[in-house]
Amino acid sequence: MLKNNFFGALALCAVFGFVFSCTPQQSELTVDNLKQEAQVVGKVTYDSGYLWEGGMIVSYSNWLPASDVEVIARIPYSNIGGSSAKGDYTVTTKTDANGKYSIKIPVGATGVNVSLSALPFYKDKHVLNGEGKDATVSGALYNNSTNPGVYVQSGEIKTANITVTSNAVFGD
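Residues numbered from 1 in each chain as written. Predicted model: local features only at pLDDT ≥ 70, side-chain atom pairs only at ≥ 80, totals over all residues. Heavy atoms only, no water.

Regarding the nonpolar core
Piece 1. One finds Val 40, Tyr 101, Ile 105, Val 114, Leu 116 and Val 152 to be the most contacted residues of the largest nonpolar core, which totals 32 residues.
Piece 2. Those elements that provide at least two residues to this core are β1 (36–47), β5 (70–76), β7 (100–107), β8 (112–118), β9 (121–128), β10 (134–142), β12 (149–152) and β14 (162–165). (Core = buried A, V, L, I, M, F, W, Y, C linked by side-chain atoms within 4.5 Å. Buried < 20%, exposed > 50% of the residue type's maximum accessible area, 1.4 Å probe, protein only. Helix = DSSP H or I, 4+ residues; strand = E, 2+ residues; numbered from the N terminus.)

Right, dumping it as structure tokens:
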């Protein structure tokens, strides 16, 4: 009986040792080993619609800074260290009160292609009502973002401005 307990405990130790010595399989490409960085800076603006002064339209577009808007940078895994992994590595940041953003991009020995966009947001938009007068669409959805792409290498600072429009019309 003592002999059976000994071999049972030994078998149990062997199983625990095997289980805990195995490392988990990597499920996503990691960029932790990329010690070099580049930086992308820019400004996000949105078209708030018609600009009125004295009851008259003085401009059909009024571009304003988009504050507190999330900017997302997408880097294809295939650009990172020659990986064959599918998908994108993403980095996000928010714009400041002036619509400006700055985002650090991990890069390896070679540069990477970065695609930038602003996530959808809500702001007021000035439109024409049915009588040709100024009307405001409160909380119009701004979701038509230009998606500039830039190529960055280690130590570089590149500029990429993003513009966003809304399809909102009077009655929305």
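Things to note about the pattern of salt bridges
Piece 1. Scanning all chains against the criterion turns up two salt bridges.
Piece 2. The partner of Asp 68 in a salt bridge is Lys 94, and the shortest N-O contact between them spans 3.7 Å. Here Lys 94 lies in strand β6 (residues 88–94) and Asp 68 lies in the loop between β4 (63–65) and β5, a separation of 26 residues in the sequence.
Piece 3. Lys 94 sits in the partly exposed class, given a relative accessible area of 46%. (Salt bridge = Lys/Arg side-chain N within 4 Å of Asp/Glu carboxyl O.)

A look at the sheet that holds β8
Piece 1. Taken in spatial order, the four strands make up an open sheet running β6-β5-β8-β12, and their pairing is antiparallel. Edge strands, defined here as strands with exactly one partner in the open sheet, are β6 and β12. Each strand axis lies, on average, 25° off the axis of its neighbour in the sheet, ignoring direction.
Piece 2. Judged from the four bridges that link them, β5 and β8 form a sheet pairing that is antiparallel. In the strand pairing of β8, Ile 72 is matched with Ser 117. (Pairing = 2+ DSSP bridges. Axes fitted to C-alpha atoms, helices over the stretch in contact; angles between N-to-C directions.)

Section: the confidence of the model for the protein
Piece 1. The predicted model of the protein averages 81 in pLDDT, with 76% of residues at 70 or higher.
Piece 2. Confidence over residues 12–27 falls short of pLDDT 50; this stretch has zero contacts with residues more than four positions distant or in other chains. (pLDDT = per-residue confidence, 0-100. Contact = heavy atoms within 4.5 Å.)

Notes on the packing of aromatic side chains
Piece 1. Here the structure, examined in full by the defined rule, presents four aromatic pairs.
Piece 2. Where Tyr 50 meets Tyr 60, the ring centres are 5.5 Å apart and the plane angle is 70°; that geometry is what we call edge-to-face. Placement of Tyr 50 in the loop between β1 and β2 (51–53) and of Tyr 60 in the loop between β3 (56–59) and β4 is noted, with a sequence separation of 10 residues between them.
Piece 3. What makes Tyr 50 partly exposed here is its relative accessible area of 21%.
Piece 4. You can call Tyr 60 exposed: its relative accessible area is 60%.
Piece 5. Here the aromatic cluster, defined as three or more aromatic residues joined through ring pairs, consists of Tyr 46, Phe 121 and Tyr 142. (Phe/Tyr/Trp six-rings, centres within 6.5 Å; stacked < 30°, edge-to-face > 60°.)

Looking at the pairing of β1
Piece 1. Note: β1 against β7, eight bridges, orientation antiparallel. For Lys 43, the partnering residue across the bridge sits in β7 and is Lys 100.
Piece 2. Relative to strand β13 (residues 157–159), β1 is paired through three bridges, and the arrangement is parallel. Residue pairing in the sheet places Val 40 in a bridge with Lys 158 of β13.
Piece 3. Pairing of β1 with β4, which is carried by three bridges, proceeds in the antiparallel orientation. Counted as the bridge partner of Thr 45 is Pro 65 from β4.

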